[in-house]
Amino acid sequence: MVDQLPKPEAPRLITVANQKGGVGKTTSSVNLASGLAMLGSKVLVIDLDPQGNASTALGVEHRAGTTSSYELLIGEASAEEAIQQSTAHENLFCIPATIDLAGAEIELVSLVRREYRLHDALRNSSFLEKNDFDYVLIDCPPSLGLLTINAMTAVDEVLIPIQCEYYALEGVGQLLNNISMIRQHLNPNLHISAILLTMYDARTKLSEQVATEVREHFGDVVLGNIIPRSIKVSEAPGFGQSVLNYDPTSRGAAAYFDAVIEFATRGDYQPVEATGPIGVSPETAKRLAAEAER
Ligand SMILES: Nc1ncnc2c1ncn2[C@@H]1O[C@H](COP(=O)(O)OP(=O)(O)OP(=O)(O)O)[C@@H](O)[C@H]1O
Ligand SMILES: [Mg+2]
């Protein structure tokens, strides 16, 4: 087990997205971020989901009126003003989401550079450099609207959690289309740097089939470490904790630790030549998109 991760040359900014609900976006954002922080990295989680689940799990204030990602997007606050230290770890920070964010999807429409509000707030200031962040993870809502677009223009990397369940790939084609489109028109650096299989149930054939299918479609971009379905993982947020804090010896915690180490040590995933620009071969992207339209 490593106790210190390599420091990335530049801060790695990662959007955790899948418009399918309940696939483990928030759980993965929180646990990967906690693991990175525990292993010595300085980490920021930006909660872009009005549900505010990541904020809850990280133990930061997010009552209505708290300075949050909403003010950041609207331009009423700087990142410096919205950031809070997580109770989980001294290296772990969060820009919380409050219920105010629920209206942002509509409010953003009339603002200038509406697709780049988060990018501008984070990157047009010395905020990241000044605070020496190693990782920024953005937890997205289950939709492909302006909040998710703002997350995708602010980063280079996308991490897609896929639940090992029925209809796991439902909507993934559409997500790939969106990533391609954003790459073409808004952010040429955007690419998928990891796919994380979540809620794997070793007792079922189905989980294994889904994992195999996802690996067939996506190849090496899929992390080797899989997150098992585990009660401890689902209990932890109720205590305002990641599973790594709540029960570090549990299977779920061990899996997230392993995934963290893999994700950090392999660095930003570079697609091999045979795959397309977003880390997936054009044939796969096409096939999944066709499936999405059926
Ligand atoms: N490995 C796991 N084992 C057991 N339960 C899990 C696991 N991962 C996530 N869960 C539970 O599944 C539910 C959905 O997870 P989570 O909230 O992370 O998904 P999400 O994709 O962020 O959902 P949403 O689309 O609503 O934002 C939660 O109740 C969570 O506690
Ligand atoms: Mg969520």
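Just so we're clear, the structure is a prediction, and the values are computed from it rather than from any experiment.

Asks: Just checking my understanding: could you explain the site of ligand 1 for this structure?
Replies: With respect to spatial proximity, 18 residues lie near ligand 1, and among them Lys-25, Thr-26, Thr-27, Pro-228 and Ser-230 are the closest. Taking Gly-24, its main chain carries an N or O atom lying 3.0 Å from an oxygen atom of ligand 1. Between ligand 1 and Thr-26, the relevant distance is 2.8 Å, taken from an oxygen atom to a main-chain nitrogen or oxygen of the residue. When isolated, ligand 1 has an accessible area of 630 Å², and the protein chains bury 81% of it.

Asks: Teacher, can you tell me more about the pattern of salt bridges here?
Replies: Opposite charge on two side chains permits them to pair, given that their charged atoms come into close proximity. What the rule picks out here adds up to ten salt bridges. Note that Arg-63 is salt-bridged to Glu-61, the shortest N-O span being 2.8 Å. For Glu-61, a relative accessible area of 35% puts it in the partly exposed group. In this structure, Lys-130 engages Glu-80 in a salt bridge whose closest nitrogen and oxygen atoms are separated by 3.3 Å.

Asks: So what exactly am I meant to see when it comes to helix 13 (residues 251–266) here?
Replies: Three- or four-residue spacings in an α-helix give side chains the same orientation, since the helix completes a turn every 3.6 residues. With 16 residues, helix 13 extends 22 Å between its outermost C-alpha atoms, agreeing within 8% with the 22 Å of an ideal straight helix rising 1.5 Å per residue. Those residues of helix 13 that sit buried are Gly-252, Ala-253, Ala-255, Tyr-256, Phe-257, Ala-259, Val-260, Ile-261, Glu-262, Phe-263 and Ala-264. Positive phi shows up at Gly-267, right after helix 13, with a value of about 75°.

Asks: How should the packing of helix 1 (residues 25–38) against helix 13 be read in this particular structure?
Replies: Think of two packed helices as two axes; the pair is described by the angle between the axes and how far apart they sit. Here helix 1 crosses helix 13 at 70°, and the two axes come no closer than 9 Å. Here helix 1 lies roughly perpendicular to helix 13, going by the angle between them. Contact with helix 1, carried on its side by Thr-27, Ser-28, Asn-31, Leu-32, Gly-35, Leu-36 and Met-38, involves Tyr-256, Phe-257, Ala-259, Val-260 and Ala-264 of helix 13 and no other residues of that element. For the contact of helix 1 with helix 13, a count of residues per class yields eight nonpolar, four polar and no charged.

Asks: What is the right way to read helix 10 (residues 205–218) from this model?
Replies: The end-to-end C-alpha separation of helix 10 is 20 Å, in line with the 20 Å expected for 14 residues at 1.5 Å each. Residues Ser-207, Val-210, Ala-211, Val-214, His-217 and Phe-218 constitute the buried set of helix 10. Along the axis of helix 10, the buried positions cluster into a sector of 130°, meaning they face one direction only. Facing away from the buried side of helix 10 by over 90 degrees, the exposed positions are Lys-205 and Glu-216. Downstream of helix 10 by one or two residues, Gly-219 has phi in the positive range, about 65°.

Asks: I would appreciate a short explanation of the side chain of Asp-120 in the present structure.
Replies: Note that Asp-120 resides in helix 6 (residues 117–123). A polar contact of 2.9 Å, which involves the side chain of Asp-120, links it to the side chain of His-119. Setting aside chain neighbours within four positions, we find Asp-120 in contact with Arg-113 and Ser-125.

Asks: Can you walk me through the sheet that holds strand 4 (residues 92–95) in this structure?
Replies: Adjacent strands of a sheet form backbone hydrogen bonds with each other and so pair up, either parallel or antiparallel. Strand order in the open sheet formed by seven strands is 3-4-2-5-1-6-7, with mixed pairing between adjacent strands. The sheet is open, and its two borders are formed by strand 3 (84–85) and strand 7 (191–198), each paired with just one other strand. By the bridge criterion, three bridges tie strand 1 (residues 12–16) to strand 6 (residues 157–163) in an arrangement that is parallel. When the bridges of strand 6 are listed, Thr-15 appears paired with Val-158. Docked against the sheet, helix 9 (residues 172–185) engages strand 6 and strand 7, running at close to 175° with respect to strand 6.

Asks: Can you walk me through the UniProt feature "domain: AAA" (unreviewed entry) in the chain in this structure?
Replies: UniProt annotation of "domain: AAA" (unreviewed entry) refers to residues 12–192 when read in the numbering used here. Between the C-alpha atoms that bound residues 12–192 the distance is 13 Å, and the span itself is 38% helix and 17% strand.

Asks: Explain the nonpolar core to me, please; I cannot follow it from the model alone.
Replies: General note: in soluble globular proteins, nonpolar side chains tend to be found buried as a group. Counting residues in each nonpolar core, the largest one holds 60 residues, and the members touching the most others are Leu-44, Ile-46, Leu-118, Ile-162, Ile-195, Val-214 and Phe-218. A per-element tally of this core places helix 8 (residues 146–154) first, with six residues. Residues Leu-32, Ala-33, Val-60 and Val-233 belong to the second largest nonpolar core, which totals 38 residues.

Quick notes on the rules
- Residues numbered from 1 in each chain as written.
- Chains lettered and ligands numbered in written order.
- Predicted model: local features only at pLDDT ≥ 70, side-chain atom pairs only at ≥ 80, totals over all residues.
- Heavy atoms only, no water.
- Near = heavy atom within 4 Å.
- Polar contact = N/O pair within 3.5 Å; in protein donor to acceptor, adjacent residues only side chain to side chain.
- Areas by Shrake-Rupley, 256 points an atom, 1.4 Å probe, with all protein chains shown as cover.
- Salt bridge = Lys/Arg side-chain N within 4 Å of Asp/Glu carboxyl O.
- Buried < 20%, exposed > 50% of the residue type's maximum accessible area, 1.4 Å probe, protein only.
- Helix = DSSP H or I, 4+ residues; strand = E, 2+ residues; numbered from the N terminus.
- Expected span 1.5 Å × (residues − 1).
- Axes fitted to C-alpha atoms, helices over the stretch in contact; angles between N-to-C directions.
- Parallel < 35°, antiparallel > 145°, perpendicular 65-115°, else oblique.
- Contact = heavy atoms within 4.5 Å.
- Nonpolar A, V, L, I, M, F, W, Y, C, P; charged D, E, K, R; others polar.
- Arc of directions from axis to C-beta.
- Pairing = 2+ DSSP bridges.
- UniProt positions renumbered as here; feature names shortened; annotations may be inferred.
- Core = buried A, V, L, I, M, F, W, Y, C linked by side-chain atoms within 4.5 Å.

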